[in-house]
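One letter stands for each residue in the lines below.
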Amino acid sequence: QVQLVESGGGLVQPGGSLRLSCAASGSILSIEAMGWYRQVSEKQRDLVATITSSGSTNYADSVKGRFTISRDNAKNTVDLQMNSLKYEDTAVYYCNAGVKGGWGPIPRNYWGQGTQVTVSS
């Protein structure tokens, strides 16, 4: 089994910063891409940022220049530094990882439980 545990959400004023962290644990041989997604109420879960095992990154247009994703392959962690936060960044943020384990060569997709980020004055 593999678990993803997020931390770092909370309440922040517009223009403020937050840092989200996600740690993967369990039967992990390696992790392919890791990423952050967000969801507002019952809407679809949208990509925020992803990072490959070699460090290539991809960002949603709405967060480019404000958010930075990073990972530590040795610790199986991925972070999201969020700066200049806006009201519209309010959402539940989910960590995602493509994990290779002892089950074979095909990566399995795992999600964290989500952490709430609220931007409000």
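Summarised in this report is the structure supplied together with it. (Residues numbered from 1 in each chain as written. Predicted model: local features only at pLDDT ≥ 70, side-chain atom pairs only at ≥ 80, totals over all residues. Heavy atoms only, no water.)

With respect to the environment of glycine 112
For glycine 112, the location among the structural elements is in the loop between β10 (108-111) and β11 (115-119). For the pair glycine 112 and glutamate 42, spaced 70 residues apart in sequence, the C-alpha separation works out to 17 Å. Contact partners of glycine 112, with chain neighbours within four places excluded, come to Leu4, Glu6, Tyr94 and Cys95. (Helix = DSSP H or I, 4+ residues; strand = E, 2+ residues; numbered from the N terminus. Contact = heavy atoms within 4.5 Å.)

Observations concerning the nonpolar core
If you look at the biggest cluster of nonpolar residues, it comprises 31 residues, and the most contacted ones within it are Trp36, Leu80, Met82 and Tyr93. At the level of elements, β1 (2-7), β3 (18-26), β4 (30-39), β5 (46-51), β7 (67-72), β8 (77-82), β9 (91-100) and β11 are the ones that each hand at least two residues to this core. At five residues, β9 tops the list of elements feeding residues into this core. When neighbours within four sequence positions are excluded, methionine 82 is seen to be in contact with Gly16, Ser17, Leu18, Leu20, Arg66, Phe67, Tyr93 and Val117. (Core = buried A, V, L, I, M, F, W, Y, C linked by side-chain atoms within 4.5 Å. Buried < 20%, exposed > 50% of the residue type's maximum accessible area, 1.4 Å probe, protein only.)

Focus on the state of the cysteines
Applying the stated criterion across every chain yields a total of one disulfide. Two residues share a disulfide in this structure: cysteine 22 and cysteine 95, whose sulfurs sit 2.1 Å from each other. The chirality of the disulfide connecting cysteine 22 with cysteine 95 is left-handed, given an S-S dihedral of about -80 degrees. Taken together, the positions of cysteine 22 in strand β3 and cysteine 95 in strand β9 put the pair 73 residues apart, joining distant regions of the chain. Judged on exposure class, the residue cysteine 22 and its partner cysteine 95 are both buried. (Disulfide = S-S within 2.5 Å.)

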